[in-house]
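Understanding the architecture of this molecule
Listed below are the residues making up each chain.
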Amino acid sequence: MRFRHPDGTTVHLAYCTNVHPAETLDGVLTQLRDHCEPVRRRLGRDRLGIGLWLARDAAHALVTDPSALRELRTGLDRRGLEVVTLNGFPYEGFGAEKVKYRVYRPDWTDPERLEHTTALARVLTGLLPDDVTEGSISTLPLAWRTGYDEADAEKARTALLTLAERLDALHELTGRSIRVGLEPEPGCVVETTGDAIAPLTAIAHDRIGICVDTCHLATSFEDPHTALDALTTAGVPVVKSQLSAALHAEHPHLPEVREALAAFDEPRFLHQTRTATAAGLRGTDDLGAALAADALPDGAPWRAHFHVPLHAAPAAPLTSTLPVLQAALTRLVGGPHPLTRHLEVETYTWQALPPALRPRARTQLADGIAAELTLARDLLTDLGLKELP
């Protein structure tokens, strides 16, 4: 979906296909038919943006076989879909029964992360619509925090500088500009937007910036306006933003709140949990650990890294951090000029929701994704953006 900002800029809205995990090109093509096109039809749109997640095997097939890339591009066009952004965070196995810490490997100290991201950039130049010259890729925020030292930091910095050089060369070759954004996430080396400023200003290249995920922003109790103002002051480009909402518990000391939270403690994904105290942010690596006795102070609200559907907050006594998303979006695109032109709804946890809330069929999932995009569309038009055909 495309929108015209009052300054004349085109802002793109997509939804991320990591909610339909597939490891191969055939799987990706099936996604387009079974999921993406039905969502487009529910929205009554001739064209729908999708943020593709391409696992290692699918990316390798596309970058080594020009006919495979043409097949994918043809499939997108035929189904009324377009791609301006890729999710380059998960490498493989995102649909496994247990993902947890595996999603952070390989990290930016491993040459394979550089090669994979380079491959994604090359693929994206071939997928961009004919009238679009800029693409974006989100990637993991350097590494998981444990065991990361100065030597690792230098490896990651060198890899990102090499990536920037490759993106420059790709632009010269194709005329298309691809930018990559580190996506701050709780528990990682770069947990907050503030953590991103030092490594990104050290690289100081406009093709390497930040991806602001509003669930992660909220989980770390960051104020959107303060965070985005700091990035602007530091000259860090917002390459893209993922529109998502975290799980919020206002009174975690209450037994009924603990019981409600326990329903979201599931085995596939990591659900880092945080609370803001007078001494600073406190947290655990997973929701189950937070629910253990005395693991976290419970005198103030808790937030968990669980991407809940944007249009359907959990039932009381829980809620979502949708207001943080709204505040961030106001700052991102509500001003005289947009801070980013690529927005991506990213609720990949539909099948990890408590059983009663999970979609039981593809049609229900398509309905839910369409409802999320409708909410995002309404937020954008309320900010003065005009939806384009």
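These numbers come from a predicted model, not from an experiment. (Residues numbered from 1 in each chain as written. Predicted model: local features only at pLDDT ≥ 70, side-chain atom pairs only at ≥ 80, totals over all residues. Heavy atoms only, no water.)

**Focus: the sheet that holds strand β12 (residues 302-308)**
Read across the sheet, 5 strands follow the order β11-β10-β12-β9-β13 without closing on themselves; strand pairing throughout is antiparallel. The open sheet is flanked by β11 (280-284) and β13 (318-320), the only strands paired with a single partner. Going across the sheet, the axis of each strand differs from the next one's by a mean of 30°, ignoring polarity. One ladder, built from 4 bridges, connects strand β9 (residues 245-249) with β12; its direction is antiparallel. Each residue of the ladder has a partner; that of His248, found in β12, is Arg303. (Pairing = 2+ DSSP bridges. Helix = DSSP H or I, 4+ residues; strand = E, 2+ residues; numbered from the N terminus. Axes fitted to C-alpha atoms, helices over the stretch in contact; angles between N-to-C directions.)

**Some thoughts on the packing of helix α4 (residues 111-127) against helix α5 (residues 150-174)**
Running from N to C, α4 and α5 cross one another at 20°; their axes reach a closest spacing of 10 Å. With respect to their mutual orientation, α4 and α5 come out roughly parallel. For α4 against α5, the interelement crossing comes out right-handed. Across the interface between the two elements, Leu114, Glu115, Thr117, Thr118, Ala121, Arg122 and Thr125 of α4 pack against Ala159, Thr162, Leu163, Arg166, Leu167, Leu170 and Thr174 of α5. A class-by-class count of the residues in the contact of α4 with α5 yields 6 nonpolar, 5 polar and 3 charged. (Parallel < 35°, antiparallel > 145°, perpendicular 65-115°, else oblique. Left-handed = near helix turned anticlockwise from the far one by under 90°. Contact = heavy atoms within 4.5 Å. Nonpolar A, V, L, I, M, F, W, Y, C, P; charged D, E, K, R; others polar.)

**As for the nonpolar core**
Across soluble globular proteins, nonpolar side chains have a tendency to be buried as a group. The biggest cluster of nonpolar side chains holds 113 residues, and the ones touching the most others in it are Leu13, Tyr15, Leu54, Leu72 and Leu373. Looking at which element gives the most residues to this core, the answer is helix α12 (residues 362-382), with 9 residues. Once residues lying within four places of it in the same chain are set aside, the contact partners of Leu373 are Met1, Leu13, Ala14, Tyr15, Val39, Leu43, Leu48 and Val345. Formed by 5 residues, the second largest nonpolar core is a distinct cluster that contains Leu217, Ala218, Val324 and Ala328. (Core = buried A, V, L, I, M, F, W, Y, C linked by side-chain atoms within 4.5 Å. Buried < 20%, exposed > 50% of the residue type's maximum accessible area, 1.4 Å probe, protein only.)

**Here's the deal with the packing of helix α2 (residues 56-64) against helix α3 (residues 66-78)**
Viewed as axis vectors pointing N to C, α2 and α3 meet at an angle of 110°, and their least axial separation amounts to 5 Å. Between α2 and α3, the angle falls in the class roughly perpendicular. Here α2 contributes Ala61, Leu62 and Thr64 to the contact with α3, which in turn contributes Pro66, Ala68, Leu69 and Leu72. Tallied by class, residues from the contact of α2 with α3 come to 6 nonpolar, 1 polar and no charged.

**Some thoughts on helix α8 (residues 224-234)**
For α8, the full list of buried residues reads Pro224, Ala227, Leu228 and Leu231. End-on view of α8: buried residues confined to an arc of 90°, all on one side of the axis. For α8, exposure combined with an orientation more than 90 degrees from the buried face picks out Thr226 and Thr233. The opening residue of α8, the one whose side-chain oxygen lies 3.3 Å from the backbone nitrogen of His225, is Asp223. Where α8 terminates, the next one or two residues include Gly235, which has phi positive at roughly 75°. (Arc of directions from axis to C-beta. Polar contact = N/O pair within 3.5 Å; in protein donor to acceptor, adjacent residues only side chain to side chain.)

**Describing the pairing of strand β10 (residues 273-277)**
Where β10 meets β11, 5 bridges bridge the pair, whose relative direction is antiparallel. Residue pairing in the sheet places Ala276 in a bridge with Leu281 of β11. The sheet contact formed by β10 and β12 spans 3 bridges and is antiparallel. In the strand pairing of β12, Thr273 is matched with Ala304.

**Observations regarding the pattern of salt bridges**
Applying the stated criterion across every chain, the model contains 26 salt bridges. A salt bridge links Arg41 to Glu37; the nearest nitrogen and oxygen atoms lie 2.9 Å apart. With Arg41 and Glu37 both in helix α1 (residues 25-43) and 4 residues apart, the pair spans about one turn of that helix. For Arg41, a relative accessible area of 57% puts it in the exposed group. For Glu37, a relative accessible area of 10% translates into the label buried. A salt bridge links Glu191 to Arg274; the nearest nitrogen and oxygen atoms lie 2.9 Å apart. Residue Glu191 is found in the loop between β6 (177-182) and α6 (193-203), and its partner Arg274 is found in strand β10; the two are separated by 83 residues along the sequence. Across the pair, exposure class does not vary: Glu191 and Arg274 are buried alike. One network of salt bridges, with partners in common, ties together Arg2, Arg47, Glu82 and Asp131. (Salt bridge = Lys/Arg side-chain N within 4 Å of Asp/Glu carboxyl O.)

**Looking at the side chain of Ser177**
On the secondary structure map, Ser177 appears in strand β6. With relative accessibility at 14%, the residue Ser177 sits in the buried group. At 2.6 Å, the side chain of Ser177 forms a polar contact with the side chain of Arg207.

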